[in-house]
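Observations on the model geometry
So the chains spell out like this:
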Amino acid sequence: MRIAMISEHASPLAALGGVDAGGQNTHVAELATALAGEGHDVRVYTRRDSTDQPVLVPMADGVTVAHVPAGPPEPLPKDELLPYMKDFSRWLVDQWRGDEWAPSVAHAHFWMSGLAAVTAGRQTGVPVVQTYHALGTVKRRHQGAADTSPARRIGYERALGRAVDRVVAQCQDEVRELVRMGVPRNRMALIPSGVDSERFSPEGAAEPRDPDRPRILTVGRFVERKGFADLIRALKIVPGAECVVVGGPPPDRLDGDQFAGKLRRLAESTKVADRLRIVGAVPANEMPRWYRSADVLATAPWYEPFGLTPLEAMACGVPVIGTAVGGLTDTVVDGLTGDLVPPRDPRSLGMALRRVLGDPVRRFAYATAALDRARQCYSWKRAAEQLGAVYATVSGLRPATGAVA
Ligand code: UDP
């Protein structure tokens, strides 16, 4: 099958760790590769954000990335991309109408990609599958006035839920949110992300560490809602442990980074500065080394649409102490592969970390169960197979090309 994946802001070729480059980039790259592994021909459409990008770039066997000219060819915050989605969809229509490469199905990632895909799909007869990755309603609830999303986002997301052929939810919590938004349940499929258990495994090189000092690792883009500040506050009641933060800008730009400065000042005021190490962005291929070096992964988001880093840690045999939000409530089995604590509650987080770090038997049991769960339940191959079935259903619903819905 020919599959068009639309990922307007998140290129599968981008370096990760920046404010807008994280889980969606990994998800799209891994899924595209796994779908190609199932024999599909995949093209990933992402916005051209530099002048030196060729239109078509081969990414892997069976996967090509297409750079769509929409808006200025320079990096822009994702919250500024909405005005360019018309051009994005026009370009798709031109491409798909030409004889060269017309998809059997389009799979949109994030709401703005959905708008472009639905518009192009209407004109070309290509069915559309939508994965939101994050929902405007949830972001608004948690961030209030700090939410910089376009005002119309929530309305568009609701409309998309009815306009597309299928919505793919990634966790139970998202299914509940979608139902509340009015997305018909019979149009949803629950297909969680996966993890590459060959790359993320306990075997292999690890970053050097001090063997006498328990290591808590936390990973994420430098945005408030990831809860780094809650973790730093929690550190006070976890004596002796060091906290290693991976993510944010590349190491050579950390000094001038506002968010890193804020975390450092907080650590000084809570007297844990000597136990905080901010590493900065790490290339994707070096991530397993960091997970392997840790005794535990702490992840304290206020909300989390899915959360790949806990799964990656689990696949490396590292237990997770996380907040009981979003995808974490599916991936982390409380009391078996780690512990779940309430969000924005540094005390509960600190107590759970202290308990697991002080109890090697528990930590070993969690680590074994975490590894087992990641391997058994979360492969990209499984996700690609389940998606393949969804694509087959929706492309059977309409003729593949030509007809206008
Ligand atoms: N990541 C990375 N380098 C970094 C920080 C993060 O490669 O310095 C990767 C990480 O391994 C994971 C993704 O970025 O694959 C983050 O995904 P997650 O779902 O945890 O968070 P999101 O960015 O979607 O909020």
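All of these numbers come straight from a predicted model, not from anything done at the bench.

The rules behind these values
Residues numbered from 1 in each chain as written. Predicted model: local features only at pLDDT ≥ 70, side-chain atom pairs only at ≥ 80, totals over all residues. Heavy atoms only, no water. Axes fitted to C-alpha atoms, helices over the stretch in contact; angles between N-to-C directions. Helix = DSSP H or I, 4+ residues; strand = E, 2+ residues; numbered from the N terminus. Parallel < 35°, antiparallel > 145°, perpendicular 65-115°, else oblique. Left-handed = near helix turned anticlockwise from the far one by under 90°. Contact = heavy atoms within 4.5 Å. Nonpolar A, V, L, I, M, F, W, Y, C, P; charged D, E, K, R; others polar. Pairing = 2+ DSSP bridges. Buried < 20%, exposed > 50% of the residue type's maximum accessible area, 1.4 Å probe, protein only.

1. Focus: the packing of helix H3 (residues 111-124) against helix H5 (residues 153-163)
- Orientation of H3 relative to H5, taken along the N-to-C sense of each, is 45°, at an axis distance of 10 Å. The angle between the axes of H3 and H5 places the two elements in the oblique class. The two elements H3 and H5 cross, and the hand of that crossing is left-handed. In this structure, H3 uses Trp111, Gly114, Leu115, Val118 and Arg122 to contact H5, whose residues at the interface are Arg153, Tyr156, Glu157, Leu160 and Ala163.
- Broken down by class, the residue content of the contact of H3 with H5 amounts to six nonpolar, one polar and three charged.

2. With respect to the sheet that holds strand E6 (residues 128-131)
- The strand order across the open sheet formed by eight strands is E3-E4-E2-E1-E5-E6-E7-E8, and the pairing between neighbours is mixed. Of all strands in the sheet, those with a lone pairing partner are strand E3 (56-60) and strand E8 (188-190), marking the two edges. Sheet twist, expressed as the average angle between the axes of neighbouring strands with direction ignored, equals 25°.
- Running at roughly 150° to strand E2 (residues 41-47), helix H2 (residues 85-97) makes contact with strand E1 (2-6), E2, strand E4 (63-68) and strand E5 (105-109) of the sheet.

3. Considerations on helix H10 (residues 308-315)
- With eight of its eight residues buried, H10 lies for the most part within the structure.
- If you check which residues of H10 are buried, you get Leu308, Thr309, Pro310, Leu311, Glu312, Ala313, Met314 and Ala315.

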